[in-house]
Amino acid sequence: MGLGVRWTVHGDGRNPAPGAVVRPDERLSWPRTAGLGAQHVVAMFGASFVAPVLMGLDPNLAIMMSGVATVIFLLATRGRVPSYLGCSLSFVGVAAVIRAQGGTSATVTGAVLVVGVALFLVGVAVQRFGARIIHAAMPPVVTGAVVMLIGFNLAPVTARTYWPQDQWVALLTMLFTGLAVVCLRGFWSRIAIFLGLVFGYGISWVFDRVFGMIHSVNGAGQLVDHWRLDFSAVGSANWIGLPSFHGPSFQWSAILVALPVVIALVAENAGHVKAVGEMTGDPLDDKLGTAISADGAASVLSTALGGPPNTTYSENIGVMAATRVYSTAAYWAAACFALLFGLCPKFGAVVAAIPGGVLGGITVILYGMIGLLGAQIWVHNKVDLRNPLNLVPVAAGVIIGVGGVGLKISDNFELSGIALGTIVVLSGYHVLRAMAPAHLKEQPPLLDEGTSSYDSADGDRPPGDRT
C-alpha cells in the first residue's frame, strides 16, 4: 500500500469545475496547491500560536512540530484523511494547573507526553476492537461533561492573569473577536481568532502612543508601569535558528491532572474523521483508530522535544468546506510552511510579544467556546439531563472541575480540579448505572446515529484485519 504521496491533477489544474470537489488523492497545480497550503497555515495560525503561549511553551517549536505532526498523520493514514495537526487548546487548563502547583515547562510536557501515549493506545484498541469500546466507556454524557469542565476550568486564568493587565484592550479585543466570529463569512470567520490578535496588536500600539505606559500587573504578576506592546525581544532575535528544546519531567500529580484530556482528544479525532468522511464522500470508518494513534504518536514526539501536544483542527475543516479542495497535497505544503516558520526565531518573538490584555479578550471567548462544546455534545446526542443517572455525576463532576475542589490523599498528593472532576463523572456514571433501577437505564443506545457506522462497516471482518 502506498504512502499517499502521489496525486493526479484535477481537471486543468486551475479551478475545480462547478459543483466538483478535489479529492484527497488529487491536486491542483503546484502554485495553487502551495497557496492553499499557506491558507491552511493561516487558518490554524491563531490557535496554534496562542495555545503554546498560554501554556508557557516556545511558539516556534510549537509551529515546527505541528508541521512534523501533520506529516506523521498524513503518512499514517495513507493520505486518506486530509487534516492539519496543531497545538491542542484542551491542554491549556492542564498547563495552568500544573504551573500553579509549582510545575515547570518540563513537568507540563512530561505529563502531556503520557497523555500522548494513552491516546496512541486508545487508537490501537479502536483498530483492534472497533469504536464501540469508546462509546461504551465514554458515552456522550461523560464526554460532554469532561470537555465542559476542561474549558470552564480556565476561567480563573483569564480573570486573574490576562484581563487585569489591560482591561480596556481586553474588552475591545473581546468585542472585535466576537463580531468577527459572528459577522464574517466563509474563510474569514475561520480565522477570527487570528484577526482578533491582529486587532489587539493594533489597538495596543495605538494606546501606547496616545496614553503612554499603563500602570497594571505585567505577565509576571507585578504591579508596574509598562508598555502594552513590547517588541524589545524581537529586535535581538535571529531570523534563522532552531527553537529551544527541553526534555520532559514526570510527576504523578501532574500526569493525573492531564490524563482526562484523553477523552476530549478522542472526541475531537472521531468528530474530525466523521466530518471529513461526510464531506469527501469516502467512508473513513476504518481509519478512525489509525487517526487516533497517529495523533498520539505525533504528540509524544512533540512533547519529548519540549513542544506542545497536537490535535486535528476544525479550522482547517472549515477551509476545506469553503474551498471544496480536500487534496492532501495542500496539507503537505502547509506542513512545509510550518517547518519554515518554526525556524525563524524573530517570528516566534513577535508571537511571544502578544500583550496580556489581548490574550484576556481572546481567551474570554476561546475558553468559553471550549466549555460549551461539551454542551454541544449533549445536545447533538440528545442527552437527557432530567434523568438523575445522567444529572448527578455530571453536576458533581462539573462543579468539582470548575471550582477547583480538592481531595487531599496524603501530604504530598492531592486530586483536584480537572482530574478529580473527570474521575467523579466517569466512575460516578458507571457505578450509578450498575446500581440504578431498570427504568432509569431506558435511554438511546450508547452508539449514536453518527458513529454507529464505525463498527458496521467492518463488523463482519476479523478484528485483527482492521486498519
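Quantities reported herein were computed from a predicted structural model and do not represent experimental measurements.

## Some thoughts on the overall build of the protein chain
For the protein chain, the count of helices and strands is 21 helices and 8 strands. Here the protein chain, with 467 residues, has 52% of them falling under the buried criterion. Pairs at least 24 apart in sequence give 79% of the contacts found in the protein chain among residues at least 6 apart. Carbon and sulfur atoms make up 66% of the accessible area of the protein chain, which amounts to about 19,800 Å² in all.

## Looking at helix α10 (residues 192-211)
In an α-helix, one full turn covers 3.6 residues, which means residues spaced three or four apart are oriented alike. The end-to-end C-alpha distance of α10, which contains 20 residues, comes to 27 Å, matching closely the 28 Å that a straight helix rising 1.5 Å per residue would cover. Inspection of α10 places Ala192, Ile193, Leu195, Gly196, Leu197, Gly200, Tyr201, Ile203, Ser204, Phe207 and Asp208 among the buried residues, and these make up the whole buried set. Following α10 by one or two positions, Gly212 has its phi on the positive side, about 80°.

## Focus on the pattern of salt bridges
Per the counting criterion, the structure on display carries 3 salt bridges. Across the salt bridge formed by Asp166 and Arg228, the nearest N and O atoms sit 2.7 Å from each other. Of the two residues, Asp166 is situated in the loop between α7 (155-162) and α8 (167-183) and Arg228 in the loop between β5 (223-226) and α11 (232-236); the sequence distance between them amounts to 62 residues. A relative accessible area of 12% places Arg228 in the buried class. Asp384 is the partner of Arg386 in a salt bridge, and the nearest nitrogen-oxygen pair spans 3.0 Å. By relative accessible area, Asp384 is classed as partly exposed at 29%. A single network of salt bridges, built from pairs that share partners, joins Asp166, Asp208 and Arg228.

## Observations regarding the packing of aromatic side chains
According to the stated counting rule, one finds 4 aromatic pairs in the structure shown. Ring geometry for Phe176 against Phe199: centres 4.3 Å apart, planes inclined by 5°, an arrangement best described as stacked. Here Phe199 lies in helix α10 and Phe176 lies in helix α8, a separation of 23 residues in the sequence. In this structure Phe199 comes out as partly exposed when scored by relative accessible area, which is 27%. Each ring, one from Tyr201 and one from Phe231, has its centre 6.1 Å from the other, and the planes form 15°; the classification is stacked. Taken together, the positions of Tyr201 in helix α10 and Phe231 in the loop between β5 and α11 put the pair 30 residues apart, joining distant regions of the chain. Geometry around Trp239 places Lys346 over its ring, the cationic atom sitting 5.2 Å from the centre.

## Side note on a nonpolar patch on the surface
The grouping of Leu242, Phe245, Leu301, Leu305 and Leu343 at the surface amounts to a nonpolar patch, some 430 Å² of accessible area in total. By secondary structure assignment, the location of Leu305 is in the loop between α14 (288-304) and β6 (310-312).

## Side note on empty space enclosed by the protein
This structure, assessed with the given rule, holds 2 cavities of 30 Å³ or more. Of the volumes computed, that of the second largest cavity is approximately 50 Å³. Lining the second largest cavity, in full, are Gln165, Asp166, Val169, Ser204, Ile214, His226, Arg228, Pro355, Gly356, Gly357 and Val358. Counting residues per element, the lining of the second largest cavity draws most heavily on helix α18 (residues 356-380), which supplies 3 residues. For the lining of the second largest cavity, the residue count by class is 4 nonpolar, 5 polar and 2 charged.

## Here's the deal with the environment of Val53
Positionally, Val53 belongs in helix α1 (residues 30-55). Expressed as a C-alpha distance, the spacing of Val53 and Ala353, which sit 300 residues apart in the sequence, is 9.5 Å. Look past the residues within four positions of Val53 in its chain and what remains in contact with it is Pro59, Val351 and Leu359.

## A short note on the side chain of Thr177
Topologically, Thr177 is positioned in helix α8. Overall, Thr177 belongs to the buried group, its relative accessible area being 0%. Here Thr173 takes part through its backbone oxygen, which lies 2.8 Å from a polar atom of the side chain of Thr177. The residues contacting Thr177, other than those within four sequence positions of it, are Ala192, Ile193, Gly196, Ile362 and Ile365.

Conventions used here
- Residues numbered from 1 in each chain as written.
- Predicted model: local features only at pLDDT ≥ 70, side-chain atom pairs only at ≥ 80, totals over all residues.
- Heavy atoms only, no water.
- Helix = DSSP H or I, 4+ residues; strand = E, 2+ residues; numbered from the N terminus.
- Buried < 20%, exposed > 50% of the residue type's maximum accessible area, 1.4 Å probe, protein only.
- Contact = heavy atoms within 4.5 Å.
- Areas by Shrake-Rupley, 256 points an atom, 1.4 Å probe, with all protein chains shown as cover.
- Expected span 1.5 Å × (residues − 1).
- Salt bridge = Lys/Arg side-chain N within 4 Å of Asp/Glu carboxyl O.
- Phe/Tyr/Trp six-rings, centres within 6.5 Å; stacked < 30°, edge-to-face > 60°.
- Lys NZ or Arg CZ within 6 Å of the ring centre and 35° of its normal.
- Patch = residues over 30% accessible without salt bridge, like charges linked within 9 Å, V, L, I, M, F, W, Y side chains within 5 Å.
- 1 Å grid on protein atoms, 1.4 Å probe; cavity = no way out; pocket = protein on both sides within 12 Å on 5 of 7 lines; lining within 4 Å.
- Points joined across faces, edges and corners; volume = space filled by probe spheres on them.
- Nonpolar A, V, L, I, M, F, W, Y, C, P; charged D, E, K, R; others polar.
- Polar contact = N/O pair within 3.5 Å; in protein donor to acceptor, adjacent residues only side chain to side chain.

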